[in-house]
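Summary of the model geometry
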Amino acid sequence: EPEVTQTPSHQVTQMGQEVILRCVPISNHLYFYWYRQILGQKVEFLVSFYNNEISEKSEIFDDQFSVERPDGSNFTLKIRSTKLEDSAMYFCASGILPGGEKLFFGSGTQLSVL
Amino acid sequence: TQLLEQSPQFLSIQEGENLTVYCNSSSVFSSLQWYRQEPGEGPVLLVTVVTGGEVKKLKRLTFQFGDARKDSSLHITAAQPGDTGLYLCAGAGGQNAGNMLTFGGGTRLMVKP
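Summary of the structure given here. (Residues numbered from 1 in each chain as written. Chains lettered and ligands numbered in written order. Predicted model: local features only at pLDDT ≥ 70, side-chain atom pairs only at ≥ 80, totals over all residues. Heavy atoms only, no water.)

Scanning chain B from N- to C-terminus turns up 0 helices and 11 strands. Taking 2.2 N^0.38 as the reference for a compact globule, 113 residues should give roughly 13 Å; the C-alpha atoms of chain B span a radius of gyration of 13 Å, in line with that estimate. In chain B, buried positions account for 47% of the 113 residues. (Helix = DSSP H or I, 4+ residues; strand = E, 2+ residues; numbered from the N terminus. Rg over C-alpha atoms; globule rule 2.2 N^0.38 Å. Buried < 20%, exposed > 50% of the residue type's maximum accessible area, 1.4 Å probe, protein only.)

So, on to the state of the cysteines. All names here are of chain A. For the structure shown, the criterion picks out 2 disulfides over all chains. In this model, Cys23 is linked to Cys92 through a disulfide, with the two sulfur atoms separated by 1.9 Å. The sign of the -65 degrees torsion about the S-S bond sets the Cys23-Cys92 disulfide as left-handed. Residue Cys23 is found in strand β3 (residues 19–24), and its partner Cys92 is found in strand β9 (residues 88–95); the two are separated by 69 residues along the sequence. On the accessibility criterion, Cys23 (1% relative accessible area) is buried. (Disulfide = S-S within 2.5 Å.)

Listed per partner, the contact involves 26 residues of chain B and 21 residues of chain A. Roughly 1,700 Å² of surface becomes buried between chain B and chain A when both sides are summed, with 54% attributable to carbon and sulfur atoms. Inspection of the chain B/chain A interface yields 0 salt bridges. At the boundary of chain B with chain A, the tally comes to 6 residue pairs in polar contact (both at pLDDT 80 or more). Among the elements of the structure, β4 (31–37), β5 (44–49), β9 (85–92) and β10 (101–103) of chain B are those that each provide at least two residues to the side of chain B that touches chain A. The element that contributes the greatest number of residues to the side of chain B that touches chain A is β4 of chain B, accounting for 4 residues. Split by residue class, the side of chain B that touches chain A holds 12 nonpolar, 12 polar and 2 charged. (Contact = heavy atoms within 4.5 Å. Buried area = accessible area lost by both parts, 1.4 Å probe. Salt bridge = Lys/Arg side-chain N within 4 Å of Asp/Glu carboxyl O. Polar contact = N/O pair within 3.5 Å; in protein donor to acceptor, adjacent residues only side chain to side chain. Nonpolar A, V, L, I, M, F, W, Y, C, P; charged D, E, K, R; others polar.)

Attention now moves to the side chain of Gln37 of chain A. Locating Gln37 of chain A in the fold gives a position in strand β4 (residues 31–37). A distance of 3.4 Å separates a polar side-chain atom of Gln37 of chain A from the backbone oxygen of Gln41 of chain A. Not counting the four nearest positions on each side in its chain, Gln37 of chain A is found in contact with Lys42, Val43, Ala88, Met89 and Phe91 of chain A together with Gln37 of chain B.

Residue and element names in this part refer to chain A. The grouping of Leu30, Tyr50, Ile96 and Leu97 at the surface amounts to a nonpolar patch, some 330 Å² of accessible area in total. Summarising the element assignment, Leu30 is placed in the loop between β3 and β4. Judged by relative accessible area, which is 43%, Leu30 ranks as partly exposed. (Patch = residues over 30% accessible without salt bridge, like charges linked within 9 Å, V, L, I, M, F, W, Y side chains within 5 Å. Areas by Shrake-Rupley, 256 points an atom, 1.4 Å probe, with all protein chains shown as cover.)

Moving on, we get to the environment of His29 of chain A. Residue and element names in this part refer to chain A. In this structure, His29 sits in the loop between β3 and β4. Judged by its relative accessible area of 10%, His29 falls in the buried class. Considering only alpha carbons, one finds His29 and Ile96, 67 residues apart in sequence, at a separation of 4.5 Å. One polar contact links His29 to Ser94, side chain to side chain, over a distance of 2.7 Å.

All right, on to the sheet that holds β3 of chain A then. Residue and element names in this part refer to chain A. Taken in spatial order, the 4 strands line up as β1-β3-β8-β7 in an open sheet, and their pairing is antiparallel. Each of the sheet's edge strands pairs with one partner strand only, and the pair in question is β1 (5–7) and β7 (65–68). Going from strand to strand, the sheet's axes swing by 20 degrees on average, the running direction of each strand aside. Bridging between β3 and strand β8 (residues 75–79) involves 5 bridges; their strand directions are antiparallel. Bridge pairing in β8 links Cys23 to Phe75. (Pairing = 2+ DSSP bridges. Axes fitted to C-alpha atoms, helices over the stretch in contact; angles between N-to-C directions.)

Once that is clear, we can look at the pairing of β7 of chain A. Of the strand pairs in this sheet, β7 of chain A and β8 of chain A are connected by 4 bridges, and their pairing is antiparallel. In the sheet register, Val67 of chain A faces β8 of chain A, and the bridge partner there is Leu77 of chain A.

The following block contains the structure:
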């Protein structure tokens, strides 16, 4: 069964460092997303991406964040200068329908900023 | 800001019992998703309900979308220890929702043998 894959599963970084989280969405999906989940809190929307551009972003997704789909298969989330509060589980998701419906999530990257 | 409230937050029951989890909002959604999440893993999609009043069954799990598309419920019949996990509801396509899913806080279910 097709699945969304994310690497790495765990990432530890120092505050102020740049990190890149990688995702390979399901191959025939058109809509791509990043969500995050701080320990003990709700899953929160970060950004949606369609047709090679950001279609929507939340208040969390500030200038320190960027997304890219460089080669038609990988979908990356970059955090330029990490802060302690960026520590969370980051989930990539993809879907074939607009509107965020019927999304399939990856297993996540646990980011720890020290 | 759209909110989805799930209740109860925690539920501990004995194997064989029935249970219902609720997901409520003051906002209308075009669809409601139910996910199950294991520790350290991503949410796994169980079902999507789209039509007001719709009922979907997945083995011992019954999902219902409210007539006004503001609420949903998940009913589990004869719960098994394998049902233990975190159940999340997530709404899509609500007013001003755009392309995002709005998640509830989850119901953590423990089924004891």
